[in-house]
Structures are given as C-alpha cells and as structure tokens.
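Below are the chains, spelled out letter by letter.
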Amino acid sequence: MMNTDDLDTEHRLDSLYKDLAAADLRPLWTITEQLLTPTPKPKAVPWLWSARTMKPLARRAIDLVPVERGGERRVLSLQNPGLGGRPYAVGTLWGALQCLGPREVAPAHRHTPGAVRFVLEGEGVWTTVNGDACDMRPGDLVLTPSMNWHDHTSSVDGEMFWFDGLDLPMIEALDGVFFEEYPGPGQAQPEPAEHNTSERAHAGASRYTPGSVRDHLSPRHSSLLNYRWADTEKELDRLGAQSDEPLVEVEYVSPDTGASVLPTLACAVHRVRAGRRSKPVRRAGNTVYVVFRGSGSSVIDGQRFDWGPGDMFVAPSWSAVEHAAQERADLFVLSDEPVLRALGIARTEVLDAPQPVTRVFDPR
Ligand code: 1HN
C-alpha cells in the first residue's frame, strides 16, 4: 500500500481528483464554464420567422397531415437555432403557428404547461376550455391554463391560423410535465348550449392595465378565458389619446386579481406609432413578439429585423430591444415576466440612445 506521506503534493492532488470523479463530485474550482455571468447569457439567439415563409408551409401541412389522436395538433414550432435542436422559441417559452383546416377537430387533452392563443386569421373556430367554448376571431386572446381540458373545433370550410405560446420549457426545467388525453366519449368535449361563458360572467370588468403588471402576483390563472380584440383595441386607443409616447403598452390582466393572465405568462400588446421609434429596453427574461397589424422593424442587440403582419420574432433575456413602425403597428407580446417577478429577480434597463445597426437579419 502506498504511504500518502511519501507522495508529493501533485501526486496527492491527482488522486484527490480521481477519487472525487469516482464519487460523482465536481470541485467548483475546476469548472471552466462561467456559471455566474455578470448578466444573463441566453443560448437562444434573436430570430425572426416570417409569415411569408410559414404560411405556405402551414397550408402544405393542412393538405398532407391530418389532425387526430397521436399527432393531436398541427403546430409548427418556432425552433430557435441557438437551442441545439430543442423545439423552443427561447429558453423559457414555446412559440408556434397552429393551423386548423376546414371542419377539423383537434382532440381534447390537458397538461400542466399553460398556454395562450392569439388569433391571426380565420373564423368559425372555438377552443373549448374545461367545457367553456371560447369563440376565436382575429386579435382575440384565448387562455388554456394549466390542467384545463382543451380542444379546438372548426365549424366552417375555411382555414384558421393562430399563435400558440406555452410555458412548456419552464415546466420541463422544473420536471413538472404531466399530460392526459380526454377520456371521452368523443375526441372533443361536448359543445355547450351557449359559448363564451367566462366572457359573459366578466362582462364590463376591467381586464387590462396600462404598461405592465408591477406588483400583483397570483398563483392562479385568470377566470376570464377570452379577451376580445375590440376591447384590447379600445384600451389601446384610450391610452394612446392620453400621451404622445412612441410606444403604447397594454397588459391583459385577470379581472379577479389584476395579476398577469397566467402564473407563468404575461401577455401584452405594444402599439408603435407610425414613424416613431421606442427607446431601447433590456429585460431579464425572454420575450416572443407576434406582429398582428402594421409594419416596421426592431433592433435587437444591434441587429435589425424587418417585419409585417403574421411575422414572429424573439428577444432573449437582456437583449436591447427597440421598435420602429413604418405604419402604426400592434405587436402581441408574450413573456415569462410573472415568474421573474415572483422570484424577485425581475429587472429592466432603459437605454438612452438608439443602438447602432451593425447587421440586418436575413429572413429564410
Ligand atoms: C398544445 O396542447 C397545443 O392544445 C398546442 O393547441 C401546442 C405544444 C406543446 C405541447 C402542447 C394545443 C402545444 C401543446
């Protein structure tokens, strides 16, 4: 047997490292990857998916790929090239274009990840959420909160397109994913005699806040499941008339608590005035933008992204983001802000000067 007293320091160190590895222990001082970065270093990169590219592909999928049990949904996920093949838009958020063909039904299921739907195009479709059939029209926001049964039903001959946002990557990181198929009978929940029950229950109730939620935290989701574009637009018009800022910001809130719509997800609309440019802002946490109306461009960390209706783009945590509109633009904005707020780590920084543009994003 070797006498450790006889070994020089280097030899003893070598054997320490060998034994640590054999014991599945890793000394912090040998970890070269920087764990504590001065600011967030997301793997996701700023990126844009254009409607011009997505829509024809979605139409081909409608032709070729039926929606039924097994596949469950016809969804084209935004797969950020920085995320090594994971099907996520940014580290914490799922974003996708979902489409439904004529008279199709996407079967009912439920899961722990929560979702929001922002309607882009089409009509005659409803999402049934725990028995409440929520009609979907362009610009509407429909919530399918955690563990609520949900299916999508088309009652018309046209096609339907909407944006799906989910907290799936966060729930996966927490090892909290559960999923169940609806036990039936039938693939979808029974259609109720009357649609839009939660909406009628909350008629006239306040459902927006100017800017964004700052201090209301709720582990519960909003009991209002459907937010109408007509109401959203009215609120944007009202706020717009009160100021001359380049950007008017409205967050959808729960009429019950004034909190963000889901415990994990915040939804907002940013209206950028024609010919104006917003100040660059950095935010801790990730953001997905969906262009509803208008055209313009955003500069994200010095790279310019030109956009128009139906385009989707992402700003990873702590990137500097500013928007400029050619014609007045309404951007639907999905973020993980409620989670950072709940953890006490939310922060934003407004930069004074516009960013120099060093690159222009080349859309695929
Ligand atoms: C889901 O349930 C839907 O219900 C859409 O429409 C996209 C992505 C991942 C996991 C579940 C839907 C989804 C999803």
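Scroll up a little and you will see the structure.
Quick summary incoming for the structure in this document. Small disclaimer: the values here were computed from a predicted structure and weren't measured. (Residues numbered from 1 in each chain as written. Predicted model: local features only at pLDDT ≥ 70, side-chain atom pairs only at ≥ 80, totals over all residues. Heavy atoms only, no water.)

**Details of the site of the ligand**
What counts is decided by this rule: Definition of nearness: a residue and a molecule or strand are near each other if at least one heavy atom of the residue lies within 4 Å of the molecule or strand. Polar contact criterion, stated in full: a pair of N or O atoms within 3.5 Å, where within protein one must be able to donate a hydrogen and the other to accept it, and residues adjacent in sequence count only if both atoms are side-chain atoms. All accessible areas in this document rest on Shrake-Rupley with a 1.4 Å probe, and a residue is counted as covered only by the protein chains that are shown. Helix numbering and strand numbering both begin at the N terminus, where a helix is a DSSP run of H or I of at least 4 residues and a strand a DSSP run of E of at least 2.
In the vicinity of the ligand, the contacting residues are Arg 73, Val 75, Trp 94, Gln 98, His 109, His 111, Arg 117, His 150, His 152, Asp 164, Leu 166 and Leu 168. A distance of 2.8 Å separates an oxygen atom of the ligand from a polar side-chain atom of His 150. With respect to the ligand, the side chain of His 152 contributes an N or O atom lying 2.6 Å from an oxygen atom. Look at the ligand: alone it shows 330 Å² of surface, and the protein chains cover 86% of it. Those elements that place two or more of their residues in the shell around the ligand are strand 3 (94–100), strand 4 (105–111), strand 9 (150–154) and strand 10 (160–166).

**Overview of the sheet that holds strand 11 (residues 179–181)**
Within a sheet, neighbouring strands are paired by backbone hydrogen bonds and run either parallel or antiparallel to one another. The condition is simple: Pairing between strands is defined by DSSP: at least two bridges between them are needed. Axis geometry follows a simple rule: fit a line to the C-alpha atoms, using only the stretch in contact for helices, then measure angles between N-to-C directions, giving values from 0 to 180 degrees.
Across the sheet, which stays open at both edges, the 5 strands sit in the order 7-6-9-4-11 with antiparallel pairing between neighbours. Whereas interior strands pair on both sides, the edge strands pair on one side only; in this sheet they are strand 7 (132–136) and strand 11. Neighbour-to-neighbour, the strand axes of this sheet turn through a mean angle of 25°, independent of strand direction. Sheet topology note: the strand 4/strand 9 ladder contains 3 bridges and is antiparallel. Bridge pairing in strand 9 links Ala 106 to His 152.

**Some remarks on the side chain of Glu 104**
Here is the rule: Any two residues having at least one pair of non-hydrogen atoms within 4.5 Å are treated as being in contact.
Summarising the element assignment, Glu 104 is placed in the loop between strand 3 and strand 4. Of note is the side chain of Glu 104, whose polar atom sits 2.5 Å from the backbone nitrogen of Gly 101. Not counting chain neighbours up to four residues away, the residues in contact with Glu 104 comprise Pro 66, Val 67, Arg 74, His 152, Thr 153 and Ser 154.

**Some details on the pattern of salt bridges**
Selection rule: In the sections that follow, a salt bridge refers to a side-chain nitrogen of Lys or Arg positioned within 4 Å of a carboxyl oxygen of Asp or Glu. Burial here depends on accessible area, computed with a 1.4 Å probe over protein chains only, as a share of the maximum for the residue type. Under 20% is buried, over 50% is exposed, and the range in between is partly exposed.
Within this structure, the stated rule accounts for 23 salt bridges. A salt bridge links Glu 159 to Arg 59; its shortest N-O distance comes to 2.8 Å. Highlighted residues: Glu 159 in the loop between strand 9 and strand 10 and Arg 59 in helix 2 (residues 51–64), separated in sequence by 100 residues. With a relative accessible area of 34%, Arg 59 lands in the partly exposed category. Measuring nitrogen to oxygen at the nearest pair gives 3.2 Å for the salt bridge that ties Arg 283 to Asp 336. With Arg 283 in strand 16 (residues 281–283) and Asp 336 in the loop between strand 20 (320–335) and helix 6 (337–342), the pair connects residues that are 53 residues apart, well separated along the chain. For the pair Arg 283 and Asp 336, one class covers both residues: buried. Overlapping salt bridges bring together Glu 233, Asp 237, Arg 271, Arg 293, Arg 328 and Asp 330 as one network.

**Section: the side chain of Gln 189**
With respect to the element layout, Gln 189 can be found in the loop between strand 11 and helix 4 (197–201). Its relative accessible area of 9% is what places Gln 189 among the buried residues. In this structure the side chain of Gln 189 is engaged in a polar contact, spanning 2.9 Å, whose partner is the side chain of Asp 151. Those residues in contact with Gln 189 that lie beyond four places of it in its chain are Ala 108, Thr 128, Val 129, Asn 130, Gly 131, Trp 149, His 150, Asp 151 and Tyr 182.

**Brief notes about the environment of Leu 83**
Tracing the sequence through the fold places Leu 83 in the loop between strand 2 (75–77) and strand 3. Given a relative accessible area of 15%, Leu 83 falls into the buried group. Each residue touching Leu 83, except ones within four places of it in the same chain, is listed here: Lys 43, Ala 44, Tyr 88, Ala 89, Val 90 and Gly 91.

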